[in-house]
Amino acid sequence: MTTRTLTVGLGSRSYPIHIGPGLLRQASLFAPHVKSGRAAVITNTTVGPLYADAVERTLASCGVRTFRVEIPDGEAEKRWQTLDRVYGELLRVQADRKTVIVALGGGVVGDLAGFAAATYQRGVPFVQVPTTLLAQVDSSVGGKTGVNHALGKNMIGAFHQPLAVVADTTTLDTLPDRELAAGLAEVIKYGAIRDIDFFGWLEENVERLREREAGALAYAIGRSCEIKAEIVALDEREAGPRALLNLGHTFGHAIETLEGYGTWLHGEAVAAGMVMAARMSARLGRAPESDARRLEALIRRAGLPVEPPGLAVDDWLDAMGRDKKNESGRITLILLDRLGAAAIEKNAPAGALQDFLTGR
Ligand SMILES: NC(=O)c1ccc[n+]([C@@H]2O[C@H](COP(=O)([O-])OP(=O)(O)OC[C@H]3O[C@@H](n4cnc5c(N)ncnc54)[C@H](O)[C@@H]3O)[C@@H](O)[C@H]2O)c1
Ligand SMILES: [Zn+2]
């Protein structure tokens, strides 16, 4: 298996995404980005013991002095209080504006460490080293960083692009099955919004992915990153098409917030949310019923939930009313015109949405 390198094309802020086995040990991938000679490896108490030594050794071989910051594990830690502890650690070791932050972990570490990098001393460089499938196909690419608020998912944050993404696929060997499935939700999302051929490939290969067949995983990660890089290059700050990446997320974020962060994994909430978005699209006469059923079937085969938890309609609407895509008090939804083609609906008919949520 060889290393593949893609590029996120953002002019002077363009950066590589390296994907392949054993990359944590490849000094040449890190060396160009850590020339200042100091790095802070931000990780968590699960990933740190597994992979931080390898990363630190690689950085040391590039002549870099490192120190490690370990945060507790879990979505509930993606919050202001944990971030403040990270700032404290950075200050304690006198990290300066040239110290490179290395975010080693899943999306929680990546989002929080990325936001620390965006804000510490008004911004320091950072490198993403994603270790979950979800982080390798989605969260490490595109520069969205931030933390949750008790009242809303990802409500505090900043755009801050990394210098590079180093996705070592060998790290997925230790990922629990439930987390692997959660990552598949975002992979399926790319097919559903933009690439019907990829969606068809996923229908044929979902079992191979669940069995972690290396070739299948490498293809799915590469294709997902290509699509994400393409959309980010088109619309870095989500003035338009980048919002399509939010298929299932308006419903999904409501589930995560209302059920308590970490109860539903992000990917699980997005999975159920995508089924809801597809059913809503069919109900509005936008997408064929058969497409909604086809998406549901694939999500089910990926080992993911297709039904949301039972929540009160007022709670749904309240949580969805705080989504970042909303404008002037109207809920924006990402809907399907058909599988492989999503659209932004800024004027989701309130009555239809309420009926849809009530009808469950
Ligand atoms: N910034 C973005 O564009 C973006 C996109 C999608 C999702 N997200 C965010 O990402 C987060 C979810 O990320 P996630 O699914 O990676 O969850 P996560 O970071 O919580 O990781 C999942 C679990 O796997 C563990 N883990 C990580 N790597 C491991 C490995 N190699 N072996 C064994 N265990 C490992 C973690 O410690 C954790 O317990 C959510 O907060 C979501 O909002 C952000
Ligand atoms: Zn997501």
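Thresholds applied
- Residue numbers run consecutively from 1 along every chain, following the written order of its sequence.
- Naming scheme: in the order in which they are written, chains are lettered from A and ligands are numbered from 1.
- At least 70 in pLDDT is required for a residue's local features to be given in this predicted model, at least 80 for side-chain atom pairs to be given and counted, and no such filter applies to totals for whole chains, interfaces and linings, which use all residues.
- Derived side-chain values reflect all non-hydrogen atoms in the structure, with water molecules and hydrogen atoms excluded from consideration.
- The near set for a molecule or strand comprises every residue that places at least one heavy atom within 4 Å of it.
- Polar contact is defined as a pair of N or O atoms within 3.5 Å, subject to the rule that within protein one atom must be able to donate a hydrogen and the other to accept it, and that residues adjacent in sequence are counted only when both atoms are side-chain atoms.
- Under the convention used here, a 1.4 Å probe and the Shrake-Rupley method define accessible areas, while residue burial counts only the protein chains that appear.
- Labels follow the DSSP assignment, with helices taken as runs of H or I lasting at least four residues and strands as runs of E lasting at least two, numbered in each case from the N terminus.
- When residue character is reported, Ala, Val, Leu, Ile, Met, Phe, Trp, Tyr, Cys and Pro are called nonpolar, Asp, Glu, Lys and Arg charged, and the others, Gly included, polar.
- Because no water is among the atoms considered, metal sites can look incomplete, with donors defined as N, O and S atoms within 2.8 Å of the metal, or 3.2 Å for Na, K and Ca.
- Buried, partly exposed and exposed residues are distinguished by accessible area as a fraction of the type maximum, computed with a 1.4 Å probe on protein chains only: under 20%, between the cut-offs, and over 50%, respectively.
- Between the first and last residue of a helix there are one fewer steps than residues, each counted as 1.5 Å, and that sum is the expected span.
- Note on contacts: a residue pair qualifies if any of its non-hydrogen atoms lie within 4.5 Å across the two residues.
- For two strands to be treated as a pair, DSSP must find no fewer than two bridges joining them.
- In this analysis, rings of Phe, Tyr and Trp, with Trp reduced to its six-membered ring, are considered paired at centre separations within 6.5 Å, and the interplanar angle assigns stacked below 30 degrees, edge-to-face beyond 60, and tilted for intermediate values.
- The criterion for a charge sitting over a ring is simple: Lys NZ or Arg CZ within 6 Å of the ring centre, and within 35 degrees of the ring normal.

Q: Now, about the site of ligand 1: what can you tell me, with residues and values included?
A: In the region of ligand 1, 28 residues are neighbours, and D73, G107, T131, T132 and T174 sit closest. Contact between ligand 1 and K228: an oxygen atom at 3.5 Å from a side-chain N or O atom of the residue. Bound to the protein, ligand 1 loses 92% of the 860 Å² it would expose on its own. Looking at the shell around ligand 1, the elements with two or more residues in it are α2 (47-61), α4 (107-119), α5 (133-139), β8 (152-159) and α6 (177-194). A per-class count over the shell around ligand 1 returns seven nonpolar, eleven polar and ten charged.

Q: Tell me about the coordination of the zinc ion (ligand 2), and please be specific about residues and values.
A: Here the zinc ion (ligand 2) is held by the protein donor atoms E186 (OE), H249 (NE2) and H266 (NE2), which lie 2.0 to 2.1 Å from it. We note that the donor set of the zinc ion (ligand 2) lies within a single chain, spaced as E-x62-H-x16-H. Here E186, found in helix α6, pairs with H266, found in helix α10 (residues 266-283); they are 80 residues apart in sequence, far enough to count as distant. Side by side, E186 and H266 carry an identical accessibility label, which is buried.

Q: Summarise helix α7 (residues 196-210); cite the residues concerned and give the values.
A: Over its 15 residues, α7 extends 20 Å from the first C-alpha to the last, a length consistent with the 21 Å expected when each residue adds 1.5 Å. Restricting attention to buried positions, one finds in α7 the residues F198, F199, G200, W201, L202, N205, V206 and L209. Turning to α7, the residues buried within the fold contact α6, α8 (214-234) and α11 (289-301). The opening residue of α7, the one whose side-chain oxygen lies 3.1 Å from the backbone nitrogen of D197, is D195. Directly after α7, the chain includes R212, whose backbone phi takes a positive value near 65°.

Q: Would you mind going over the pairing of strand β9 (residues 164-168) in detail, with residue names and values included?
A: Most of β9 is tucked away, with five of its five residues classed as buried. Side chains A164, V166 and D168 of β9 all project onto a buried face; the interleaved residues V165 and A167 project onto the opposite face, where all are buried too. Pairing of strand β2 (residues 15-20) with β9, which is carried by four bridges, proceeds in the parallel orientation. Looking at the pairing, H18 lines up with V166 of β9. Here strand β6 (residues 126-130) pairs with β9 via two bridges, running parallel. Bridge pairing in β9 links Q128 to V165.

Q: Requested: an account of the packing of aromatic side chains, with residues and values cited.
A: One pass over the full model with this rule turns up five aromatic pairs. Seen from their ring centres, W201 and Y219 are 4.7 Å apart, and the 55° between their planes marks the pair as tilted. Of this pair, W201 sits in helix α7 while Y219 sits in helix α8, and the two are 18 residues apart along the sequence. In textbook terms, an aromatic cluster arises when at least three aromatic residues are bridged by ring pairs, as seen for F198, W201 and Y219. Above the face of the Y190 ring, K189 is positioned so that its terminal group lies 5.2 Å from the ring centre.

Read these as geometric descriptors, not functional statements.
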